[in-house]
Amino acid sequence: MLRQTGIHSSEDARRLARRRLPWMVFDYIDGSAGEEHGAMLARRAIQDIRLTPRVLRNVSRRELRVQLFDKLAVRPFGISPMGMCNLSTPGADLMLARLAARDRVPHGVSTVASTDMETLLKVSGGMAWFQLYFSGDGSGTMKLVERARAAGYGTLVLTVDVPEVGRRPRELRHGFKMPFRIGPRQFVDFALHPRWSLSTLIRGRPQMANFDGRDYVFDRSESRAAADWTTFERLRAAWPGKLVVKGVLHPDDALRLKALGADAIQVSSHGCRQLDAAPPAIEALAAIRQAVGPSYPLFYDSGIRSGEDVVKAYAMGADFVFLGRPLLYAMAAGGEAGLHQLWDVLAQEVSLTLAQLGLTDMAALRESGRGEGDQAEQAAISR
């Protein structure tokens, strides 16, 4: 039985993580682009969505499982691809993979994961989705595609919203680099956070495991600006499995991707880590749902901090929701026990919110996000 960690919300996890992580690592996880005004607006846009309760409906039995492609996910939310997760705590990638296997939810495996893609696919029980960046001339990118296919991945997530890496002043002030480097400033930072530093020293410095000892490398600062629509078409032709495109905010882009064969679109502002002036992703979700129609698969990430937020995203048109930063906070705060505690809190919050809305399953929320079905009026939304 996992120990209790005092995590009762994402904010609890963030507060504890801020205390325990070196400043450089916390600001890498927590920071956003520019003045971070976009991140604040994105959160406010989600907070300002209102859900109207309904009363005297039998909601004693509630179902959180949802159909996702050809699988049944036990929870209506999954794990976003996040680079260098093991910076939060040693073994974080494996903690996430084990959780994905337990609840049969997708585990986004980043191009720059701290654990190799083959191991994570195995530990996740086949629930891992491989996230791909196009980089440089694309030769290394296509080698990763071939490797993911050989490993047995069924879903590829192409991230398209990073033509150049955004400027995150908090990272720059601390001299954050990938691969991970330690200089005098970082040494002092680590010395003031001995719990993290000693555990990391014992387990080894986090590496970009998908490039360790391979015949291709990853340069975080390398331009990805050469990717265009022909890049997508080439990837679509080369990849036989499901292809999800992550980082879309404009309805016209969504429509073109749909026409070119994307199996799903993940509406995302990259957590406002790329463009401070980006519109709130939750508003883009509603516009894209209207553009692509009621049946096309739309996923969502960015700014999700609670189970109520998950419900709001479904009500705005999402078919599935992904979380990132809160899970890293939880692992930094309490390891695997912290991750499971926050995960269970999120599920409880989703269930309680459904009860308040007079709903018994996520399908009714999906209908409300499309204006469909007899129950559409049950989850009335106001802005």
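Note that the coordinates shown come from a computational prediction; the quantities given were computed from them, not determined experimentally. (Residues numbered from 1 in each chain as written. Predicted model: local features only at pLDDT ≥ 70, side-chain atom pairs only at ≥ 80, totals over all residues. Heavy atoms only, no water.)

## A closer look at the confidence of the model for the protein chain
Thinking step 1. The predicted model of the protein chain averages 91 in pLDDT, with 91% of residues at 70 or higher.
Thinking step 2. Below pLDDT 50 for its whole length, residues 375-379 participates in 18 contacts with residues either more than four positions away or in separate chains. (pLDDT = per-residue confidence, 0-100. Contact = heavy atoms within 4.5 Å.)

## Considering the pairing of strand β9 (residues 264-267)
Thinking step 1. Burial along β9 is two-sided: the face carrying Ala 264 and Gln 266 and the face carrying Ile 265 and Val 267 are both buried.
Thinking step 2. Sheet topology places strand β8 (residues 242-248) next to β9; 4 bridges connect them, and they run parallel. Its bridge partner lying in β9, Val 244 is registered against Ala 264.
Thinking step 3. Following the backbone out of β8, through helix α11 (residues 251-259) and into the adjacent parallel β9, one traces a crossover that is right-handed.
Thinking step 4. The sheet contact formed by β9 and strand β10 (residues 298-300) spans 3 bridges and is parallel. Counterpart to Ile 265 in the pairing with β10 is Leu 298.
Thinking step 5. Note on the crossover from β9 through helix α12 (residues 281-292) to β10: the handedness is right-handed. (Buried < 20%, exposed > 50% of the residue type's maximum accessible area, 1.4 Å probe, protein only. Helix = DSSP H or I, 4+ residues; strand = E, 2+ residues; numbered from the N terminus. Pairing = 2+ DSSP bridges. Right-handed = clockwise from strand over helix to strand, strands pointing away.)

## As for unusual backbone geometry
Thinking step 1. With phi around 55°, Phe 69 is a residue other than glycine that occupies positive phi space.
Thinking step 2. Position of Phe 69 relative to the elements: it lies in the loop between β2 (66-68) and β3 (71-73).
Thinking step 3. Phi angles above zero are rare outside glycine, and Ser 302 is one such case at about 115°.
Thinking step 4. Of note, Ser 302 is situated in the loop between β10 and α13 (307-315).

## Comments concerning the packing of aromatic side chains
Thinking step 1. Counted by the stated rule, this structure contains 10 aromatic pairs.
Thinking step 2. Between Phe 130 and Tyr 153, the ring centres sit 5.9 Å apart and the planes meet at 65°, which makes this aromatic pair edge-to-face. Here Phe 130, found in strand β6 (residues 128-133), pairs with Tyr 153, found in the loop between α6 (139-151) and β7 (155-159); they are 23 residues apart in sequence, far enough to count as distant. Pair check on accessibility: Phe 130 and Tyr 153 agree, each one buried.
Thinking step 3. One aromatic cluster in this structure is built from Phe 69, Trp 129, Phe 299, Phe 320 and Phe 322.
Thinking step 4. Positioned above the aromatic ring of Phe 69 is the side chain of Lys 242, whose terminal nitrogen or guanidinium carbon lies 5.1 Å from the ring centre.
Thinking step 5. In this structure, Arg 273 packs its charged tip against the face of Tyr 28, placed 5.3 Å from the ring centre. (Phe/Tyr/Trp six-rings, centres within 6.5 Å; stacked < 30°, edge-to-face > 60°. Lys NZ or Arg CZ within 6 Å of the ring centre and 35° of its normal.)

## As for the nonpolar core
Thinking step 1. If you look at the biggest cluster of nonpolar residues, it comprises 109 residues, and the most contacted ones within it are Phe 130, Tyr 153, Ile 282, Tyr 300 and Leu 365.
Thinking step 2. Ranked by residues supplied to this core, first place goes to helix α14 (residues 325-356) with 14 residues.
Thinking step 3. Apart from the residues within four sequence positions on either side, Tyr 153 is in contact with Val 109, Met 117, Leu 120, Leu 121, Ala 128, Trp 129, Phe 130, Ala 148 and Trp 239. (Core = buried A, V, L, I, M, F, W, Y, C linked by side-chain atoms within 4.5 Å.)

## Concerning the pattern of salt bridges
Thinking step 1. Scanning the entire structure with this criterion turns up 19 salt bridges.
Thinking step 2. Ionic pairing is found between Glu 63 and Arg 65, a salt bridge with its closest N-O pair at 2.9 Å.
Thinking step 3. Given the relative accessible area of 29%, Glu 63 is considered partly exposed.
Thinking step 4. With relative accessibility at 43%, the residue Arg 65 sits in the partly exposed group.
Thinking step 5. Here the residues in one salt-bridge network are Glu 11, Arg 14, Asp 27, Asp 30, Glu 36 and Arg 170, joined through shared partners. (Salt bridge = Lys/Arg side-chain N within 4 Å of Asp/Glu carboxyl O.)

## What about the environment of Ala 264?
Thinking step 1. Summarising the element assignment, Ala 264 is placed in strand β9.
Thinking step 2. Taking the C-alpha atoms as reference, Ala 264 lies 15 Å from Arg 366; in sequence the two are 102 residues apart.
Thinking step 3. Apart from residues lying up to four places away in sequence, Ala 264 is in contact with Phe 69, Leu 243, Val 244, Val 245, Tyr 296, Pro 297 and Phe 299.

## A short note on the pairing of strand β11 (residues 320-323)
Thinking step 1. Every second residue of β11 is oriented toward a common face, with Phe 320 and Phe 322 on one face and Val 321 and Leu 323 on the other, all of them buried.
Thinking step 2. Of the pairings in the sheet, the one linking strand β4 (residues 77-79) to β11 comprises 3 bridges and is parallel in character. Looking across to β11, one finds that Ile 79 is bridged to Leu 323.
Thinking step 3. Taken together, the 2 bridges between β10 and β11 define a ladder with parallel strand orientation. Counted as the bridge partner of Tyr 300 is Val 321 from β11.
Thinking step 4. In the classification by handedness, the crossover that spans β10, the intervening α13 and the parallel β11 is right-handed.

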